[in-house]
Amino acid sequence: MTDKTFYIETFGCQMNAHDSEKVVGTLVHSGYSQVETPEAAALVLYNTCSIRDKAEQKVFHRLDQFKRATGKGKVFAVIGCVAQQEGERIFERAPHVSLVAGSASYTKLPEMLVQLEAGNRRVIGLNLETAETFDTPFTRRDNPHRAYITIIEGCDKSCAYCVVPFTRGPERSRTSESVLREAAELAASRYTEIQLLGQNVNSYRDPSPAAWDFATLLDRVGRVPGIRRVRFTTSHPRDFGKSIVDAIDENPALCNHVHLPVQSGSIRVLDRMQRLYTLGDYMRRIEWMKKARRNISITTDIIVGFPGETEADFQDTLRLLDEVEYDSLFSFKYSPRPNTAAIAMDDKIPEEEKTRRITIVQEKQRAIQIRRNSDLIGKIEEVLVEGRNQALGQWIGRTSQNRTLNFTHRDAAAEPLTGKYLPVQVTRAGPNSLVGESMQCGVM
Ligand code: 5AD
Ligand code: SF4
(Lines give C-alpha, C1' and ligand atoms only; values in the text may rest on other atoms or scores of the structure.)
(Ligands and ions follow the chains in the order given, each with its own letter.)
Protein backbone atom coordinates (compact mmCIF):
# COMPACT_ATOMS: atom_id res chain seq x y z
CA MET A 1 0.00 0.00 0.00
CA THR A 2 1.46 3.33 -0.97
CA ASP A 3 -1.57 5.32 0.21
CA LYS A 4 -1.40 5.06 3.99
CA THR A 5 -4.77 6.46 4.94
CA PHE A 6 -7.19 4.55 7.16
CA TYR A 7 -10.73 4.79 8.47
CA ILE A 8 -11.95 2.94 11.55
CA GLU A 9 -15.49 2.26 12.74
CA THR A 10 -16.10 0.87 16.23
CA PHE A 11 -18.95 -0.96 17.94
CA GLY A 12 -19.33 -2.44 21.40
CA CYS A 13 -18.16 -1.85 24.92
CA GLN A 14 -15.55 0.52 26.34
CA MET A 15 -12.94 -2.22 25.96
CA ASN A 16 -13.58 -2.16 22.24
CA ALA A 17 -13.56 1.64 22.12
CA HIS A 18 -10.22 1.63 23.92
CA ASP A 19 -8.83 -1.13 21.67
CA SER A 20 -9.64 1.13 18.73
CA GLU A 21 -7.73 3.97 20.40
CA LYS A 22 -4.73 1.65 20.67
CA VAL A 23 -5.10 0.42 17.09
CA VAL A 24 -5.28 4.02 15.85
CA GLY A 25 -2.14 4.89 17.86
CA THR A 26 -0.28 1.89 16.47
CA LEU A 27 -1.29 2.71 12.90
CA VAL A 28 -0.34 6.37 13.24
CA HIS A 29 3.01 5.32 14.66
CA SER A 30 3.49 3.12 11.58
CA GLY A 31 3.08 6.11 9.28
CA TYR A 32 -0.65 5.93 8.61
CA SER A 33 -3.01 8.88 8.86
CA GLN A 34 -6.63 8.67 9.96
CA VAL A 35 -9.41 10.00 7.72
CA GLU A 36 -13.06 10.67 8.51
CA THR A 37 -14.82 8.60 5.84
CA PRO A 38 -14.34 5.13 4.38
CA GLU A 39 -14.39 6.68 0.90
CA ALA A 40 -11.24 8.68 1.67
CA ALA A 41 -9.33 5.71 3.11
CA ALA A 42 -7.07 3.09 1.56
CA LEU A 43 -7.49 0.83 4.61
CA VAL A 44 -10.93 0.39 6.21
CA LEU A 45 -11.03 -1.20 9.68
CA TYR A 46 -14.20 -2.38 11.30
CA ASN A 47 -14.02 -3.14 15.05
CA THR A 48 -16.95 -5.40 15.84
CA CYS A 49 -19.03 -6.53 18.82
CA SER A 50 -20.91 -9.81 19.18
CA ILE A 51 -22.45 -9.53 22.63
CA ARG A 52 -26.08 -9.61 21.46
CA ASP A 53 -28.38 -9.84 18.44
CA LYS A 54 -27.50 -10.93 14.99
CA ALA A 55 -24.07 -9.40 15.17
CA GLU A 56 -22.57 -11.44 12.35
CA GLN A 57 -25.30 -10.55 9.87
CA LYS A 58 -24.91 -6.88 10.69
CA VAL A 59 -21.18 -7.10 10.09
CA PHE A 60 -21.58 -8.68 6.67
CA HIS A 61 -24.24 -6.16 5.75
CA ARG A 62 -21.96 -3.27 6.74
CA LEU A 63 -19.00 -4.80 4.89
CA ASP A 64 -21.16 -4.99 1.80
CA GLN A 65 -22.14 -1.36 2.18
CA PHE A 66 -18.48 -0.37 2.52
CA LYS A 67 -17.63 -2.23 -0.65
CA ARG A 68 -20.43 -0.72 -2.67
CA ALA A 69 -19.94 2.82 -1.41
CA THR A 70 -16.19 2.95 -1.62
CA GLY A 71 -15.37 1.09 -4.79
CA LYS A 72 -12.35 -1.00 -5.66
CA GLY A 73 -8.75 -0.93 -4.52
CA LYS A 74 -9.28 -0.73 -0.77
CA VAL A 75 -8.05 -3.04 1.94
CA PHE A 76 -10.70 -4.16 4.45
CA ALA A 77 -9.95 -5.39 7.95
CA VAL A 78 -12.43 -6.94 10.39
CA ILE A 79 -11.23 -6.88 13.99
CA GLY A 80 -12.81 -7.37 17.43
CA CYS A 81 -15.26 -9.93 18.73
CA VAL A 82 -17.04 -10.94 15.53
CA ALA A 83 -13.65 -11.41 13.88
CA GLN A 84 -12.62 -13.74 16.70
CA GLN A 85 -15.94 -15.58 16.62
CA GLU A 86 -16.32 -16.02 12.87
CA GLY A 87 -12.63 -16.31 11.98
CA GLU A 88 -11.85 -17.43 8.46
CA ARG A 89 -15.54 -17.73 7.60
CA ILE A 90 -15.36 -13.96 7.11
CA PHE A 91 -13.09 -14.43 4.08
CA GLU A 92 -15.63 -16.82 2.56
CA ARG A 93 -18.62 -14.56 3.02
CA ALA A 94 -16.81 -11.30 2.31
CA PRO A 95 -13.92 -12.06 -0.07
CA HIS A 96 -12.94 -8.39 -0.21
CA VAL A 97 -11.70 -8.62 3.41
CA SER A 98 -7.93 -9.04 3.83
CA LEU A 99 -7.42 -9.01 7.60
CA VAL A 100 -9.34 -10.85 10.33
CA ALA A 101 -8.02 -10.38 13.85
CA GLY A 102 -9.38 -10.81 17.37
CA SER A 103 -8.33 -8.61 20.27
CA ALA A 104 -5.93 -11.18 21.73
CA SER A 105 -3.84 -10.85 18.54
CA TYR A 106 -3.49 -7.08 18.50
CA THR A 107 0.01 -7.31 19.97
CA LYS A 108 0.91 -8.69 16.53
CA LEU A 109 -0.69 -5.75 14.74
CA PRO A 110 2.58 -4.20 13.49
CA GLU A 111 3.55 -7.54 11.90
CA MET A 112 0.09 -7.92 10.42
CA LEU A 113 0.35 -4.42 8.92
CA VAL A 114 3.64 -5.35 7.25
CA GLN A 115 1.96 -8.39 5.69
CA LEU A 116 -0.93 -6.25 4.47
CA GLU A 117 1.46 -3.72 2.98
CA ALA A 118 3.29 -6.53 1.19
CA GLY A 119 0.00 -7.23 -0.57
CA ASN A 120 -0.93 -10.34 1.39
CA ARG A 121 -4.65 -10.91 0.79
CA ARG A 122 -5.35 -13.17 3.80
CA VAL A 123 -3.86 -12.01 7.08
CA ILE A 124 -5.18 -13.77 10.17
CA GLY A 125 -4.77 -13.19 13.91
CA LEU A 126 -7.04 -15.50 15.89
CA ASN A 127 -4.82 -17.08 18.52
CA LEU A 128 -6.45 -16.87 21.96
CA GLU A 129 -3.62 -18.68 23.73
CA THR A 130 -1.75 -15.54 24.53
CA ALA A 131 -0.32 -14.45 27.85
CA GLU A 132 0.16 -10.92 26.57
CA THR A 133 -1.87 -7.79 26.99
CA PHE A 134 -2.13 -5.15 24.31
CA ASP A 135 -0.04 -2.44 25.97
CA THR A 136 1.00 0.18 23.52
CA PRO A 137 2.82 3.44 24.03
CA PHE A 138 1.01 4.84 20.98
CA THR A 139 -2.62 5.05 22.12
CA ARG A 140 -4.58 7.87 20.41
CA ARG A 141 -7.24 8.90 22.93
CA ASP A 142 -10.57 10.34 21.83
CA ASN A 143 -11.36 12.33 24.99
CA PRO A 144 -8.93 15.05 26.19
CA HIS A 145 -9.81 14.75 29.90
CA ARG A 146 -10.90 11.17 30.59
CA ALA A 147 -8.64 8.28 29.63
CA TYR A 148 -9.17 4.55 29.67
CA ILE A 149 -6.50 2.23 31.02
CA THR A 150 -6.84 -1.52 30.50
CA ILE A 151 -5.78 -3.39 33.65
CA ILE A 152 -6.99 -6.88 32.76
CA GLU A 153 -8.01 -8.50 29.50
CA GLY A 154 -10.15 -11.57 28.85
CA CYS A 155 -12.51 -13.41 31.16
CA ASP A 156 -12.24 -16.72 33.05
CA LYS A 157 -15.91 -16.96 34.02
CA SER A 158 -18.40 -19.00 32.04
CA CYS A 159 -21.75 -17.26 32.37
CA ALA A 160 -24.16 -19.39 30.38
CA TYR A 161 -25.29 -16.53 28.09
CA CYS A 162 -21.96 -14.83 27.42
CA VAL A 163 -19.74 -14.92 24.37
CA VAL A 164 -16.90 -12.88 25.88
CA PRO A 165 -14.73 -15.77 27.14
CA PHE A 166 -14.76 -17.07 23.56
CA THR A 167 -14.00 -13.73 21.92
CA ARG A 168 -11.49 -12.24 24.33
CA GLY A 169 -9.77 -15.30 25.70
CA PRO A 170 -8.50 -16.05 29.21
CA GLU A 171 -7.73 -13.42 31.86
CA ARG A 172 -4.40 -11.61 31.67
CA SER A 173 -3.56 -8.86 34.17
CA ARG A 174 -1.07 -6.07 33.51
CA THR A 175 1.64 -5.33 36.04
CA SER A 176 0.77 -2.64 38.57
CA GLU A 177 3.95 -0.85 37.59
CA SER A 178 2.89 -0.49 33.96
CA VAL A 179 -0.61 0.65 35.00
CA LEU A 180 0.80 3.29 37.37
CA ARG A 181 3.31 4.44 34.77
CA GLU A 182 0.51 4.95 32.27
CA ALA A 183 -1.57 6.82 34.87
CA ALA A 184 1.37 9.13 35.65
CA GLU A 185 1.97 9.77 31.94
CA LEU A 186 -1.70 10.61 31.49
CA ALA A 187 -1.61 13.01 34.43
CA ALA A 188 1.45 14.66 32.86
CA SER A 189 -0.58 15.09 29.65
CA ARG A 190 -3.28 16.89 31.69
CA TYR A 191 -5.79 14.04 31.92
CA THR A 192 -7.59 14.23 35.26
CA GLU A 193 -9.99 11.28 35.06
CA ILE A 194 -9.04 7.67 34.56
CA GLN A 195 -11.31 4.75 33.90
CA LEU A 196 -9.82 1.36 34.67
CA LEU A 197 -11.08 -1.25 32.24
CA GLY A 198 -11.48 -4.99 32.21
CA GLN A 199 -14.17 -7.60 31.60
CA ASN A 200 -13.87 -8.34 35.30
CA VAL A 201 -11.63 -5.81 37.04
CA ASN A 202 -12.27 -7.43 40.43
CA SER A 203 -10.25 -10.49 39.53
CA TYR A 204 -7.23 -8.29 38.76
CA ARG A 205 -4.08 -9.84 40.18
CA ASP A 206 -0.78 -8.03 39.75
CA PRO A 207 1.58 -10.49 38.02
CA SER A 208 4.63 -8.77 39.53
CA PRO A 209 5.96 -9.80 42.98
CA ALA A 210 3.95 -7.01 44.63
CA ALA A 211 0.86 -9.13 43.76
CA TRP A 212 -1.61 -6.31 44.41
CA ASP A 213 -5.29 -7.05 44.28
CA PHE A 214 -7.77 -4.76 42.56
CA ALA A 215 -8.62 -2.63 45.60
CA THR A 216 -4.92 -1.82 46.15
CA LEU A 217 -4.36 -0.93 42.52
CA LEU A 218 -7.50 1.24 42.49
CA ASP A 219 -6.36 3.12 45.57
CA ARG A 220 -2.85 3.67 44.19
CA VAL A 221 -4.13 4.97 40.85
CA GLY A 222 -6.29 7.40 42.85
CA ARG A 223 -3.12 8.67 44.55
CA VAL A 224 -1.28 9.55 41.34
CA PRO A 225 -0.68 13.32 41.52
CA GLY A 226 -2.94 15.21 39.11
CA ILE A 227 -5.56 12.45 38.87
CA ARG A 228 -8.81 13.73 40.36
CA ARG A 229 -11.21 10.96 39.45
CA VAL A 230 -10.90 7.22 39.00
CA ARG A 231 -13.70 4.98 37.75
CA PHE A 232 -13.70 1.29 36.95
CA THR A 233 -15.74 -1.10 34.90
CA THR A 234 -16.90 -3.80 34.92
CA SER A 235 -17.34 -5.81 38.10
CA HIS A 236 -18.37 -9.41 38.65
CA PRO A 237 -20.21 -9.66 42.00
CA ARG A 238 -18.48 -12.92 42.98
CA ASP A 239 -15.06 -11.19 43.03
CA PHE A 240 -16.24 -7.83 44.38
CA GLY A 241 -14.59 -7.54 47.81
CA LYS A 242 -15.39 -5.28 50.74
CA SER A 243 -11.89 -3.78 50.36
CA ILE A 244 -13.14 -1.95 47.23
CA VAL A 245 -15.84 -0.19 49.25
CA ASP A 246 -13.26 0.64 51.96
CA ALA A 247 -10.93 2.12 49.33
CA ILE A 248 -13.74 4.32 47.98
CA ASP A 249 -14.54 5.45 51.51
CA GLU A 250 -10.95 6.39 52.19
CA ASN A 251 -9.84 7.93 48.92
CA PRO A 252 -11.91 10.88 47.59
CA ALA A 253 -10.33 10.55 44.13
CA LEU A 254 -12.18 7.27 43.68
CA CYS A 255 -15.61 8.01 42.23
CA ASN A 256 -18.53 7.00 44.39
CA HIS A 257 -20.11 4.88 41.69
CA VAL A 258 -20.11 1.09 41.31
CA HIS A 259 -21.58 -0.77 38.36
CA LEU A 260 -22.42 -4.22 39.70
CA PRO A 261 -24.28 -6.30 37.10
CA VAL A 262 -26.78 -8.63 38.78
CA GLN A 263 -28.50 -9.98 35.60
CA SER A 264 -31.47 -11.45 37.49
CA GLY A 265 -33.20 -11.24 40.86
CA SER A 266 -34.12 -14.93 40.82
CA ILE A 267 -31.98 -17.43 42.72
CA ARG A 268 -32.95 -20.12 40.23
CA VAL A 269 -32.12 -18.07 37.14
CA LEU A 270 -28.78 -16.93 38.63
CA ASP A 271 -27.93 -20.57 39.12
CA ARG A 272 -28.91 -21.49 35.55
CA MET A 273 -26.87 -18.54 34.31
CA GLN A 274 -23.82 -19.98 36.17
CA ARG A 275 -23.20 -16.63 37.81
CA LEU A 276 -21.42 -18.21 40.82
CA TYR A 277 -23.20 -16.09 43.45
CA THR A 278 -26.53 -16.34 45.22
CA LEU A 279 -28.93 -13.48 45.68
CA GLY A 280 -27.80 -13.38 49.31
CA ASP A 281 -24.15 -12.92 48.25
CA TYR A 282 -25.20 -10.11 45.96
CA MET A 283 -27.30 -8.35 48.57
CA ARG A 284 -24.40 -8.50 51.03
CA ARG A 285 -22.34 -6.48 48.57
CA ILE A 286 -25.19 -3.99 48.17
CA GLU A 287 -25.29 -3.66 51.97
CA TRP A 288 -21.56 -2.86 52.11
CA MET A 289 -22.14 -0.02 49.69
CA LYS A 290 -25.28 1.29 51.36
CA LYS A 291 -23.51 1.34 54.72
CA ALA A 292 -20.45 3.14 53.35
CA ARG A 293 -19.60 6.61 54.60
CA ARG A 294 -19.75 8.02 51.09
CA ASN A 295 -22.97 7.98 49.17
CA ILE A 296 -22.14 5.31 46.59
CA SER A 297 -24.26 5.25 43.45
CA ILE A 298 -25.08 1.70 42.33
CA THR A 299 -25.98 0.70 38.78
CA THR A 300 -26.54 -2.69 37.16
CA ASP A 301 -27.31 -4.81 34.10
CA ILE A 302 -30.45 -6.94 33.80
CA ILE A 303 -31.22 -9.69 31.29
CA VAL A 304 -34.88 -10.58 30.79
CA GLY A 305 -36.16 -13.73 29.12
CA PHE A 306 -33.25 -16.05 29.88
CA PRO A 307 -34.33 -19.59 28.93
CA GLY A 308 -36.69 -20.96 31.59
CA GLU A 309 -37.32 -17.58 33.26
CA THR A 310 -40.84 -17.92 34.69
CA GLU A 311 -43.22 -15.14 35.63
CA ALA A 312 -42.26 -15.77 39.27
CA ASP A 313 -38.55 -15.43 38.42
CA PHE A 314 -39.30 -12.20 36.62
CA GLN A 315 -41.23 -10.89 39.62
CA ASP A 316 -38.13 -11.64 41.73
CA THR A 317 -36.15 -9.32 39.47
CA LEU A 318 -38.75 -6.56 39.85
CA ARG A 319 -38.65 -7.01 43.62
CA LEU A 320 -34.86 -6.66 43.55
CA LEU A 321 -35.15 -3.37 41.65
CA ASP A 322 -37.47 -2.04 44.36
CA GLU A 323 -35.17 -3.24 47.09
CA VAL A 324 -31.87 -1.90 45.73
CA GLU A 325 -33.22 1.22 44.01
CA TYR A 326 -30.46 1.44 41.42
CA ASP A 327 -29.47 4.86 40.12
CA SER A 328 -29.46 3.52 36.58
CA LEU A 329 -29.53 0.22 34.77
CA PHE A 330 -29.01 -1.33 31.37
CA SER A 331 -31.62 -3.92 30.47
CA PHE A 332 -31.33 -6.49 27.69
CA LYS A 333 -33.49 -9.15 26.14
CA TYR A 334 -31.66 -12.46 26.30
CA SER A 335 -30.04 -13.15 22.97
CA PRO A 336 -28.69 -16.64 22.16
CA ARG A 337 -24.97 -16.60 21.35
CA PRO A 338 -22.85 -19.22 19.60
CA ASN A 339 -20.69 -21.54 21.74
CA THR A 340 -22.44 -20.58 24.99
CA ALA A 341 -24.08 -23.06 27.40
CA ALA A 342 -27.49 -21.37 27.26
CA ILE A 343 -27.89 -21.93 23.53
CA ALA A 344 -28.78 -25.56 24.22
CA MET A 345 -31.22 -24.79 27.05
CA ASP A 346 -34.92 -25.53 26.71
CA ASP A 347 -37.84 -23.27 27.54
CA LYS A 348 -36.96 -20.42 25.28
CA ILE A 349 -39.00 -17.31 26.03
CA PRO A 350 -40.95 -15.90 23.06
CA GLU A 351 -39.79 -12.55 21.71
CA GLU A 352 -43.08 -10.77 22.57
CA GLU A 353 -42.78 -11.94 26.15
CA LYS A 354 -39.21 -10.65 26.38
CA THR A 355 -40.45 -7.33 25.03
CA ARG A 356 -43.22 -7.22 27.63
CA ARG A 357 -40.77 -7.94 30.43
CA ILE A 358 -38.15 -5.44 29.34
CA THR A 359 -40.81 -2.72 29.03
CA ILE A 360 -41.96 -3.40 32.59
CA VAL A 361 -38.36 -3.29 33.87
CA GLN A 362 -37.71 0.00 32.11
CA GLU A 363 -40.94 1.64 33.31
CA LYS A 364 -40.29 0.61 36.89
CA GLN A 365 -36.70 1.81 36.74
CA ARG A 366 -37.74 5.13 35.21
CA ALA A 367 -40.00 5.81 38.19
CA ILE A 368 -37.18 4.87 40.59
CA GLN A 369 -34.77 7.21 38.82
CA ILE A 370 -37.20 10.14 38.83
CA ARG A 371 -37.59 9.65 42.57
CA ARG A 372 -33.90 9.24 43.31
CA ASN A 373 -32.79 12.11 41.09
CA SER A 374 -35.42 14.42 42.68
CA ASP A 375 -33.80 13.79 46.06
CA LEU A 376 -30.74 15.65 44.74
CA ILE A 377 -32.58 18.95 44.11
CA GLY A 378 -30.93 21.68 46.19
CA LYS A 379 -27.71 19.68 46.65
CA ILE A 380 -24.30 20.82 45.42
CA GLU A 381 -22.36 18.41 43.26
CA GLU A 382 -18.90 18.76 41.80
CA VAL A 383 -18.91 18.18 38.05
CA LEU A 384 -16.24 17.62 35.46
CA VAL A 385 -17.33 19.76 32.52
CA GLU A 386 -17.50 17.62 29.38
CA GLY A 387 -18.80 20.08 26.80
CA ARG A 388 -21.45 22.59 25.91
CA ASN A 389 -24.96 22.26 24.51
CA GLN A 390 -25.22 25.43 22.42
CA ALA A 391 -28.92 24.98 21.66
CA LEU A 392 -29.85 24.86 25.34
CA GLY A 393 -27.20 27.35 26.45
CA GLN A 394 -26.01 24.79 29.00
CA TRP A 395 -22.72 23.22 29.92
CA ILE A 396 -22.65 19.44 30.18
CA GLY A 397 -21.16 18.12 33.41
CA ARG A 398 -20.71 14.71 35.01
CA THR A 399 -20.83 14.09 38.74
CA SER A 400 -18.62 11.69 40.63
CA GLN A 401 -21.67 9.39 40.82
CA ASN A 402 -21.67 9.39 37.01
CA ARG A 403 -24.85 11.43 36.61
CA THR A 404 -25.16 13.95 33.80
CA LEU A 405 -25.70 17.42 35.29
CA ASN A 406 -26.35 20.12 32.68
CA PHE A 407 -25.91 23.60 34.05
CA THR A 408 -25.90 27.29 33.34
CA HIS A 409 -22.97 29.48 34.27
CA ARG A 410 -23.06 33.18 34.98
CA ASP A 411 -20.47 34.14 32.38
CA ALA A 412 -22.50 32.33 29.71
CA ALA A 413 -20.14 31.15 26.99
CA ALA A 414 -17.47 33.73 27.83
CA GLU A 415 -14.86 31.31 29.10
CA PRO A 416 -14.33 27.75 28.00
CA LEU A 417 -15.18 25.49 30.93
CA THR A 418 -14.61 22.12 29.30
CA GLY A 419 -12.21 20.03 31.37
CA LYS A 420 -12.72 22.10 34.53
CA TYR A 421 -14.18 20.94 37.85
CA LEU A 422 -16.97 23.12 39.25
CA PRO A 423 -19.49 23.02 42.08
CA VAL A 424 -23.03 23.05 40.67
CA GLN A 425 -26.32 23.32 42.54
CA VAL A 426 -29.01 20.95 41.31
CA THR A 427 -32.26 22.79 40.48
CA ARG A 428 -34.26 20.22 38.49
CA ALA A 429 -34.29 16.46 37.97
CA GLY A 430 -35.40 14.19 35.15
CA PRO A 431 -35.20 10.40 34.92
CA ASN A 432 -31.84 10.43 33.13
CA SER A 433 -30.17 13.71 34.00
CA LEU A 434 -30.10 16.71 36.29
CA VAL A 435 -30.20 20.45 35.63
CA GLY A 436 -28.39 23.03 37.76
CA GLU A 437 -26.59 26.31 38.15
CA SER A 438 -22.89 26.80 38.64
CA MET A 439 -22.03 28.09 42.10
CA GLN A 440 -19.15 30.31 41.11
CA CYS A 441 -17.78 32.39 38.30
CA GLY A 442 -14.18 31.48 38.97
CA VAL A 443 -12.79 28.09 38.20
CA MET A 444 -11.49 25.46 40.60
N1 5AD B 1 -28.05 -11.66 25.82
C2 5AD B 1 -28.47 -10.53 26.42
N3 5AD B 1 -27.69 -9.75 27.16
C4 5AD B 1 -26.41 -10.12 27.32
N5 5AD B 1 -25.39 -9.55 27.99
C6 5AD B 1 -24.30 -10.32 27.81
N7 5AD B 1 -24.57 -11.37 27.03
C8 5AD B 1 -25.88 -11.27 26.72
C9 5AD B 1 -26.77 -12.07 25.95
N10 5AD B 1 -26.37 -13.19 25.36
C11 5AD B 1 -25.52 -8.34 28.80
C12 5AD B 1 -25.23 -8.60 30.26
C13 5AD B 1 -23.89 -7.97 30.44
C14 5AD B 1 -23.93 -6.83 29.47
C15 5AD B 1 -22.63 -6.25 29.09
O16 5AD B 1 -24.57 -7.39 28.36
O17 5AD B 1 -26.21 -7.94 31.02
O18 5AD B 1 -23.66 -7.53 31.77
FE1 SF4 C 1 -18.99 -6.69 22.59
FE2 SF4 C 1 -18.29 -8.20 24.66
FE3 SF4 C 1 -16.63 -7.95 22.68
FE4 SF4 C 1 -17.10 -5.86 24.30
S5 SF4 C 1 -16.13 -7.82 24.84
S6 SF4 C 1 -17.01 -5.81 22.10
S7 SF4 C 1 -19.27 -6.18 24.72
S8 SF4 C 1 -18.66 -8.92 22.62
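Here the structure is a predicted model, which means the values were calculated and not measured. (Residues numbered from 1 in each chain as written. Chains lettered and ligands numbered in written order. Predicted model: local features only at pLDDT ≥ 70, side-chain atom pairs only at ≥ 80, totals over all residues. Heavy atoms only, no water.)

1. Some thoughts on the pairing of strand β19 (residues 433–438)
- The pairing of strand β17 (residues 404–408) with β19 spans five bridges and is parallel. In the strand pairing of β19, Thr404 is matched with Ser433.
- Across five bridges, the pairing between strand β18 (residues 421–429) and β19 is antiparallel. Counterpart to Val424 in the pairing with β19 is Ser438.
- The turn linking β18 back onto β19 is made up of three residues. (Pairing = 2+ DSSP bridges. Helix = DSSP H or I, 4+ residues; strand = E, 2+ residues; numbered from the N terminus.)

2. Describing the sheet that holds strand β7 (residues 146–150)
- Spatially, β7-β10-β11 is the arrangement adopted by the three strands of the open sheet, whose pairing is parallel. The open sheet has two edge strands, β7 and β11 (229–233), and neither has a second partner. Looking at each pair of strands side by side, their axes are set apart by 25° on average, direction ignored.
- In this structure, β7 lies alongside strand β10 (residues 193–197), joined through five bridges in parallel fashion. Bridge pairing in β10 places Ala147 opposite Ile194. (Axes fitted to C-alpha atoms, helices over the stretch in contact; angles between N-to-C directions.)

3. Observations regarding empty space enclosed by the protein
- One pass over the full model with this rule turns up two cavities of 30 Å³ or more.
- Taken as a whole, the largest cavity encloses approximately 40 Å³ of empty space.
- Along the walls of the largest cavity sit His18, Lys22, Phe134, Asp135, Thr136, Thr139, Thr150, Arg174 and Glu182, which together make up its complete lining.
- Partitioned by chemical class, the residues of the lining of the largest cavity number one nonpolar, four polar and four charged.
- The space that makes up the second largest cavity amounts to roughly 30 Å³.
- Contributing elements (two or more residues each) for the lining of the second largest cavity: β3 (43–48) and α5 (109–117).
- Sort the elements by how many residues they give to the lining of the second largest cavity and α5 lands first, with four residues.
- Here the residues of the lining of the second largest cavity sort into seven nonpolar, no polar and no charged. (1 Å grid on protein atoms, 1.4 Å probe; cavity = no way out; pocket = protein on both sides within 12 Å on 5 of 7 lines; lining within 4 Å. Points joined across faces, edges and corners; volume = space filled by probe spheres on them. Nonpolar A, V, L, I, M, F, W, Y, C, P; charged D, E, K, R; others polar.)

4. So, the site of ligand 1
- As a matter of local geometry, ligand 1 sits amid Ile51, Arg52, Tyr161, Gln263, Asp301, Ile303, Phe332, Lys333, Tyr334, Ser335 and Arg337.
- Note that an oxygen atom of ligand 1 is positioned 2.7 Å from one of the side-chain N or O atoms of Gln263.
- Separating an oxygen atom of ligand 1 from a side-chain N or O atom of Asp301 is a distance of 2.6 Å.
- Burial of ligand 1 by the protein chains amounts to 86% of its free accessible area of 400 Å².
- Elements that contribute at least two residues to the shell around ligand 1 include exactly β13 (297–304) and β14 (328–333).
- In terms of residue class, the shell around ligand 1 is made up of five nonpolar, two polar and four charged. (Near = heavy atom within 4 Å. Polar contact = N/O pair within 3.5 Å; in protein donor to acceptor, adjacent residues only side chain to side chain. Areas by Shrake-Rupley, 256 points an atom, 1.4 Å probe, with all protein chains shown as cover.)

5. So, the site of ligand 2
- Close contacts around ligand 2 come from Cys13, Asn16, Cys49, Ser50, Ile51, Cys81, Val164, Arg168 and Gln199, and that covers them all.
- For the shell around ligand 2, a count of residues per class yields five nonpolar, three polar and one charged.

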